[in-house]
2 protein chains.
Amino acid sequence: MQIAVLLYDRFTALDAIGPFDTLGRLDGAETVFVSERPGPVRTDNGSLALVADRGLGEVTRPDIVIVPGGPAPDVEMKNPVVLDWLRAVDATTTWTTSVCTGSILLAAAGLLEGRRATSHWLYVDELTRFGAEPTGERVVFDGKYVTAAGVSSGIDMGLTLLGRIAGDEYAQTVQLMTEYDPQPPYDAGSPEKAPADIVARLRAFKPSAESR
Amino acid sequence: MQIAVLLYDRFTALDAIGPFDTLGRLDGAETVFVSERPGPVRTDNGSLALVADRGLGEVTRPDIVIVPGGPAPDVEMKNPVVLDWLRAVDATTTWTTSVCTGSILLAAAGLLEGRRATSHWLYVDELTRFGAEPTGERVVFDGKYVTAAGVSSGIDMGLTLLGRIAGDEYAQTVQLMTEYDPQPPYDAGSPEKAPADIVARLRAFKPSAESR
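In this text the structure is predicted, and so the values were computed from the model without any measurement.

Draft legend 1. Spotlight on the relation of the copies chain A and chain B. You can overlay chain A on chain B at an RMSD of 0.0 Å; the transform is a turn of 180° with a shift of 0.0 Å along its axis. The transformation relating the two chain copies, once decomposed into turn and shift, fits a two-fold axis. If distances are taken from each C-alpha of chain A to the rotation axis, the shortest is found for L50 of chain A, at 2.3 Å. A symmetric contact is evident, with 100% of the interface residues of chain A recurring at the interface of chain B.

Spelled out as structure tokens, the structure:
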């Protein structure tokens with residue numbers, strides 16, 4: 001069993017690490033970090049690099065693909081090398097998954113047409129451009145496609161998918177080992193719950209996927 | 001404002017990335033990843049490396065230190081170079097923080113003597129060896145020392161500390177941008193909530209900090 005995590009310039013670290021430290025604990029699975037060019041790949045604010053040990057051409061038949069998001073999905077959305085790779089590996093995956101705006105990349109590759117999917121709350125409506133059906137749910141299963149909402153939702157996605165693959169008891173064991181008993185200090189984690197002025201401000205400053 | 005995240009061989013990725021993608025969003029702050037030797041540092045299961053851009057000697061006066069944990073804290077507990085660095089930077093930090101067994105390193109450096117602190121539930125009692133007072137809480141403040149429980153608790157710690165530093169509204173904005181509205185598929189994230197047989201099994205297989 002091989003799990004491939006796609007890295008690209010300006011991805012968001014937690015998008016990748018949430019599933020990595022939950023689903024990636026699957027017994028007997030090998031997780032590989034891949035990017036167009038192997039080597040260090042910088043996260044969204046530039047202050048951290050994760051190492052992609054493999055290039056895309058070295059990972060051709062992963063069982064599970066995880067596509068993290070980031071604030072600049074439009075760059076990779078137009079990168080034919082990445083989109084071709086997503087289409088190619090998807091042909092043989094058991095599960096094709098994303099966190100945050102990673103679903104925009106799956107959609108741009110044509111993989112979510114006619115499917116229910118989610119994304120970061122600021123970007124979820126853009127899924128319609130590619131024929132996907134946006135939902136406000138946190139983790140969405142449609143066939144073998146599993147999409148998660150913004151950034152931290154990859155932890156919930158990782159545990160949920162781990163339970164489907166390895167059983168509830170195994171997933172609960174990983175939940176306990178990662179002490180995932182969340183106690184957020186505020187209740188502002190969704191646009192429905194956050195103060196309205198904060199939501200409005202973020203909507204106003206949302207980087208357009210077209211203008212950058 | 002400089003935030004330093006300590007990396008060392010076999011750290012747990014989510015321990016470092018939880019605070020990085022919350023507290024690290026502090027406006028105007030620079031986050032640097034440091035380790036004994038700059039370069040790639042492998043996580044606990046070996047399948048990922050994060051890059052430490054700086055060596056310990058290059059980061060001498062961070063405002064905030066974040067020490068992640070891992071399943072092998074005993075190695076760094078006996079590393080005088082790391083313990084000396086922790087003591088040296090702590091002399092001028094505003095906040096000295098840890099996630100998971102990172103608190104065992106702070107304690108081994110003598111920084112938690114007489115202080116209330118937490119750690120991963122499997123390891124929290126070991127804090128007594130170094131004169132700290134273990135608690136079962138998820139995020140513990142004692143003066144400028146902030147310790148978090150296992151792995152995923154670093155997200156709660158990061159948001160809580162961000163609120164103290166930058167105000168509730170700023171922290172809520174970061175919570176909304178990271179869409180931190182957790183929906184775990186199980187309620188097994190603490191030893192009090194998880195099925196008893198899972199807790200017992202993990203306690204039985206707990207790697208001893210002395211025997212490795």
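Now that the structure is up, let's keep going.
Draft legend 2. Region of the structure containing the side chain of D21 of chain B. Relative to the helices and strands, D21 of chain B resides in the loop between helix 1 (13-20) and strand 2 (30-35). The class of D21 of chain B is buried, set by a relative accessible area of 0%. Among the polar contacts listed, one links the side chain of D21 of chain B to the side chain of R25 of chain B, at a separation of 2.6 Å. Once you skip the residues sitting within four places of it in the chain, D21 of chain B turns out to touch T12, A13 and L14 of chain A together with V174 and T178 of chain B.

Draft legend 3. Spatial organisation of the interface of chain A and chain B. The interface of chain A with chain B comprises 65 residues on the first partner and 65 residues on the second. Buried area between chain A and chain B, summed over both chains or domains, comes out near 5700 Å², and the portion from carbon and sulfur atoms is 58%. If you sort the residues of chain A by the area they bury against chain B, L176, E179 and Y186 of chain A come out on top, with a joint share of 14%. Between chain A and chain B we count eight salt bridges in total. With a shortest N-O distance of 2.6 Å, D181 of chain A and K193 of chain B are connected by a salt bridge. Run the count over chain A and chain B and you get 38 residue pairs in polar contact (both at pLDDT 80 or more).

Cut-offs applied
Residues numbered from 1 in each chain as written. Chains lettered and ligands numbered in written order. Predicted model: local features only at pLDDT ≥ 70, side-chain atom pairs only at ≥ 80, totals over all residues. Heavy atoms only, no water. Least-squares fit on C-alpha atoms with pLDDT ≥ 70 in both. Contact = heavy atoms within 4.5 Å. Helix = DSSP H or I, 4+ residues; strand = E, 2+ residues; numbered from the N terminus. Buried < 20%, exposed > 50% of the residue type's maximum accessible area, 1.4 Å probe, protein only. Polar contact = N/O pair within 3.5 Å; in protein donor to acceptor, adjacent residues only side chain to side chain. Buried area = accessible area lost by both parts, 1.4 Å probe. Salt bridge = Lys/Arg side-chain N within 4 Å of Asp/Glu carboxyl O.

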